Amino acid sequence: KRHFNPQFLHALIFRTSRLNSPPLSSEKSRRVSAMDGCTAASDSPYELLFQALSLIPTAHYAALLLALWLVFLYDFLEIHLLRDLATGFRGDPVKLTYNASSELYRAVASKCQVLRGRYLPTLWLCSPHIQTAFLTFFGNPPRFTYKRVMFYTSDGGTIALDWVLHSDVNEDDGGGAYTSHAVPQKDDKAPIVIVIPGLTSDSVAPYIKHLVFKLAKQGWNVVVSNHRGLGGVEITSDRFYNAGWTEDSRRIIDHIHQEYPDTPLYVVGTSIGANILVKYLGEETVNVPIVGAVAVCNPWDLAIGDRFITRRFVQKLYDKALAFGLVGYAKLHQTILSRLIDWDGLKKSRSVRDFDYYATCILAKFETVDTYYRRSSSVNFVGNVAVPLLCINALDDPVCTRESIPWDECRMNPNIVLAATQHGGHLAYFEGISASTMWWVRAVSEFLEVLHSSPLKNRPRKVGPCSTTTPLESKIDQGPYVNLMEDGTVTAVGDIQRDKIAAAQPDHTAEENRETITEDEEETSKDAATSKEDPAESKPEAAASDQKKLNDLIAPMKRHITQLTRHSRTSIWLLAYIAIVTTWPVLGSGLFFYLKKKLRSFLLPALPSR
């Protein structure tokens with residue numbers, strides 16, 4: 001017992017088992033002999049473990065690595081094949097958000113079978129990233145050509161309008177393609193749909209061609225309003241488009257309405273085009289010559305989208321891809337842009353924010369990038385929309401996050417119906433085995449058709465109850481300049497500084513300002529006299545005024561905190577659970593030793609001494 005060796009017992013058991021086992025092959029005999037020798041010579045358990053692992057075939061390791069790689073890709077690409085399998089490949093229902101008294105839902109949305117049904121993505125595209133990549137590189141677009149008409153703006157800009165008529169898609173040229181020959185005639189009563197593409201997209205984008213072809217087949221005339229500098233058109237002015245530039249869309253809509261005053265007009269915006277569309281509808285309220293509109297994959301809040309697109313590695317890939325497209329767009333017009341912006345800085349742009357810093361803010365005359373994002377976000381104008389509007393968003397959109405969707409604002413406005421799907425990617429929504437159709441294209445086509453035949457087409461327009469006369473902007477954005485303090489603090493110019501700037505205006509404006517200031521001084525002197533006469537009454541009034549200002553300052557913060565708490569209640573409990581589980585080994589051990597020490601100090605005085 002004193003000289004007992006566990007290695008000897010292990011070797012004895014191993015050799016005894018070999019006596020009772022069937023004969024081994026030569027290769028296995030060699031491995032067993034090698035292990036037997038190593039067992040006798042080695043005293044380290046790690047060496048024994050390494051020898052045991054070396055006996056596992058290489059193919060098994062390769063299978064394990066492949067399985068781990070598949071698990072990583074399944075999570076990284078957000079694949080939902082197993083989830084679809086668990087639901088029997090029935091798809092997920094479309095979640096509709098609308099006002100309880102919405103006539104738009106009762107008369108239109110409730111009659112749309114696509115919106116009230118389910119969406120099941122193509123099985124081999126069961127990932128938002130795979131869907132979006134497939135749309136970018138393939139897309140399966142239908143084959144047809146446009147009829148181009150050039151539109152010239154008052155500031156010297158040039159916009160390409162690409163037309164496809166309903167009569168053109170019925171004329172096959174023999175090769176499976178369709179050719180548009182002309183623009184609509186004055187007596188053509190077919191409704192017209194104006195399409196506003198997304199960022200760096202034009203009329204040849206696959207998703208645009210899917211939409212245009214579907215609507216033309218339905219009997220509608222469609223025109224794509226390309227952004228300035230896109231569609232093969234040169235920049236002819238110093239004005240460029242951006243996410244908040246609605247002037248071009250306003251001019252195009254007014255122009256087409258003047259050309260066809262008796263034809264119903266509809267507008268469809270996609271991605272950044274959807275943001276421009278909703279912002280335009282909110283700015284004009286009831287003064288729009290269109291019957292209805294659809295916004296697909298709207299980013300809504302550009303500031304939130306900017307944070308989201310730089311959050312994870314996969315989102316950063318989209319950020320770089322979008323920045324690459326923007327820089328490529330700028331290089332097409334280098335001769336004009338190089339004299340207006342910091343061209344060397346623009347060429348180094350690696351993100352959308354970099355491009356907006358070096359180009360967009362300078363061209364659009366915004367002070368900062370965040371100011372541009374806040375003022376250009378369509379979420380500030382949702383309450384003012386006064387025409388029937390369908391909004392479509394995918395909750396797994398890898399570019400436009402679900403965090404920016406204004407659920408409550410859409411629910412408050414009876415003119416809006418929001419359709420949210422569980423899957424779909426960014427403007428993809430492929431369906432069917434061959435991925436030849438797109439779900440959102442069918443949804444838009446059916447919605448416009450039902451709306452066109454409903455009584456809402458001729459309904460008097462009115463804004464929702466949550467409308468505002470001005471966009472919901474931050475107070476700091478009202479100062480057009482920044483001020484560098486002596487201690488290094490950067491502050492926005494406030495009301496006092498703006499009054500000083502206004503004093504330097506032309507003569508007629510200065511006279512009006514002096515009259516206003518004189519009236520204000522008279523009122524101030526009267527208030528001062530009143531306060532001298534009765535100081536006891538002025539103090540409560542001043543305290544009430546200060547309290548009112550404080551409430552006005554705190555109220556928006558309370559509202560946002562309440563919304564975050566309501567929408568993130570489940571996430572908060574989940575984070576609390578994760579925090580408890582992950583820290584329990586340390587906290588539990590510390591708590592155990594603390595209680596043990598306390599118990600010992602409590603019991604030791606009660607024990608009899610020896």
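Residues numbered from 1 in each chain as written. Predicted model: local features only at pLDDT ≥ 70, side-chain atom pairs only at ≥ 80, totals over all residues. Heavy atoms only, no water.

In the annotation of an unreviewed UniProt entry, the protein is listed under the name AB hydrolase-1 domain-containing protein and assigned to Linum tenue. According to its UniProt record, the protein has this under Sequence similarities (unreviewed entry): "Belongs to the AB hydrolase superfamily. AB hydrolase 4 family." (UniProt positions renumbered as here; feature names shortened; annotations may be inferred.)

Just checking my understanding: could you explain the overall build of the protein for this structure?
A tally of helices and strands in the protein yields 22 helices and 17 strands. Looking at the protein as a whole, 42% of its 610 residues are labelled buried. Long-range contacts, defined here as pairs at least 24 residues apart, represent 75% of the contacts in the protein between residues at least 6 apart. Carbon and sulfur atoms form 60% of the exposed surface of the protein, whose accessible area is close to 34,600 Å². (Helix = DSSP H or I, 4+ residues; strand = E, 2+ residues; numbered from the N terminus. Buried < 20%, exposed > 50% of the residue type's maximum accessible area, 1.4 Å probe, protein only. Contact = heavy atoms within 4.5 Å. Areas by Shrake-Rupley, 256 points an atom, 1.4 Å probe, with all protein chains shown as cover.)

I'm lost on the packing of aromatic side chains in this one. Help?
Counting across every chain of the model gives 19 aromatic pairs. Each ring, one from Y372 and one from Y373, has its centre 5.4 Å from the other, and the planes form 40 degrees; the classification is tilted. For the pair shown, Y372 and Y373 are each scored as buried. An aromatic cluster is built from W69, F72, F76 and F313, whose rings are joined through pairwise contacts. Cation over ring: K186 sits above Y260, and NZ or CZ is 5.3 Å from the ring centre. Over the face of the ring belonging to F144 we find K209, whose NZ or CZ atom lies 4.8 Å from the ring centre. (Phe/Tyr/Trp six-rings, centres within 6.5 Å; stacked < 30°, edge-to-face > 60°. Lys NZ or Arg CZ within 6 Å of the ring centre and 35° of its normal.)

Help me understand the pairing of strand β10 (residues 265-270) in this model?
Put simply, side chains in a regular strand alternate between the two faces of the sheet. The element β10 is largely enclosed, with a buried count of six among its six residues. Here β10 shows a buried face lined by L265, V267 and G269 and a second buried face lined by Y266, V268 and T270. Bridge analysis of strand β8 (residues 192-196) against β10 gives five bridges, and the strand direction is parallel. Considered in β10, the bridge of V193 is made with Y266. Bridge analysis of β10 against strand β11 (residues 292-296) gives five bridges, and the strand direction is parallel. Pairing of V267 across the sheet is with A293, part of β11. Following the backbone out of β10, through helix α10 (residues 272-284) and into the adjacent parallel β11, one traces a crossover that is right-handed. (Pairing = 2+ DSSP bridges. Right-handed = clockwise from strand over helix to strand, strands pointing away.)

Is there a simple way to think about the nonpolar core in this case?
Note on soluble globular proteins: their nonpolar side chains tend to be buried together. W439, W440, F447 and L448 are the most contacted members of the largest nonpolar core, which totals 58 residues. Counting residues per element, this core draws most heavily on helix α18 (residues 439-452), at nine residues. Beyond its immediate chain neighbours, meaning those up to four positions away, W440 contacts Y207, L211, T270, V296, I392, L427, A428 and Y429. (Core = buried A, V, L, I, M, F, W, Y, C linked by side-chain atoms within 4.5 Å.)

Would you take a moment to explain unusual backbone geometry for this structure?
With the exception of glycine, most residues fall at negative phi, and the peptide bonds are largely trans. At C297, a residue that is not glycine, the phi angle is positive and equals roughly 55 degrees. The topology assignment puts C297 in the loop between β11 and α11 (302-308). Positive phi values are uncommon outside glycine, yet L427 reaches one of about 65 degrees. Looking at the secondary structure, you find L427 in the loop between β13 (416-421) and β14 (430-431). The class of L427 is buried, set by a relative accessible area of 3%.

How should I be thinking about the packing of helix α8 (residues 206-217) against α18 in this particular structure?
It is at 10 Å that the axes of α8 and α18 come closest, and there the two elements cross at 35 degrees. The handedness of the crossing between α8 and α18 comes out as right-handed. Counting all contacts with α8, which are made through Y207, H210, L211, K214 and L215, the residues of α18 involved are W440, V441, V444, S445 and L448. Taken together, the residues of the contact of α8 with α18 break down into seven nonpolar, two polar and one charged. (Axes fitted to C-alpha atoms, helices over the stretch in contact; angles between N-to-C directions. Left-handed = near helix turned anticlockwise from the far one by under 90°. Nonpolar A, V, L, I, M, F, W, Y, C, P; charged D, E, K, R; others polar.)

What should I look at first to understand the sheet that holds β13 in this one?
Two modes of strand pairing occur in sheets, parallel and antiparallel, and in both the strands are linked by backbone hydrogen bonds. If you trace the nine strands from one edge of the open sheet to the other, you get β2-β13-β12-β11-β10-β8-β9-β6-β5, paired in mixed fashion. Of all strands in the sheet, those bounded by a partner on one side alone are β2 (95-98) and β5 (147-152). Taken over all neighbouring pairs, the strand axes of this sheet differ in orientation by 20 degrees on average, direction set aside. As paired elements, β11 and strand β12 (residues 389-394) share four bridges and run parallel to each other. Opposite A295, over in β12, you have C391 as the bridge partner. Sheet strands in contact with α8 are β6 (158-164), β8, β9 (221-225) and β10, and its direction is about 155 degrees off that of β9. Sheet contacts for α10: β8, β10, β11 and β12; angle to β10, the most-contacted strand, approximately 135 degrees.

Help me understand helix α9 (residues 247-259), please; the structure alone is not making it clear to me.
Owing to its 3.6 residues per turn, the α-helix aligns residues three or four sequence positions apart on the same side. For α9, built from 13 residues, the straight-helix expectation of 18 Å at 1.5 Å per residue is met to within 8% by its first-to-last C-alpha distance of 18 Å. For α9, the set of buried residues is D248, S249, R250, R251, I252, I253 and I256. Buried residues in α9 make contact with β5, β6, β8, β9, β10 and α10. (Expected span 1.5 Å × (residues − 1).)

Is there a simple way to explain the pairing of β6 in this structure?
Burial analysis of β6 places seven of its seven residues in the buried class, the great majority of the element. Residues of β6 alternate between two faces, with T158, A160, D162 and V164 on one and I159, L161 and W163 on the opposite face, all of them buried. As paired strands, β5 and β6 are joined by six bridges and run antiparallel to one another. If you follow M150 over to β6, its bridge partner there is A160.

Explanation requested: the environment of V399 in the structure shown.
Assignment of secondary structure puts V399 in the loop between β12 and α17 (407-412). In this structure V399 comes out as buried when scored by relative accessible area, which is 15%. Considering only alpha carbons, one finds V399 and H129, 270 residues apart in sequence, at a separation of 9.7 Å. Apart from residues lying up to four places away in sequence, V399 is in contact with F308, Y318, L322 and H426.

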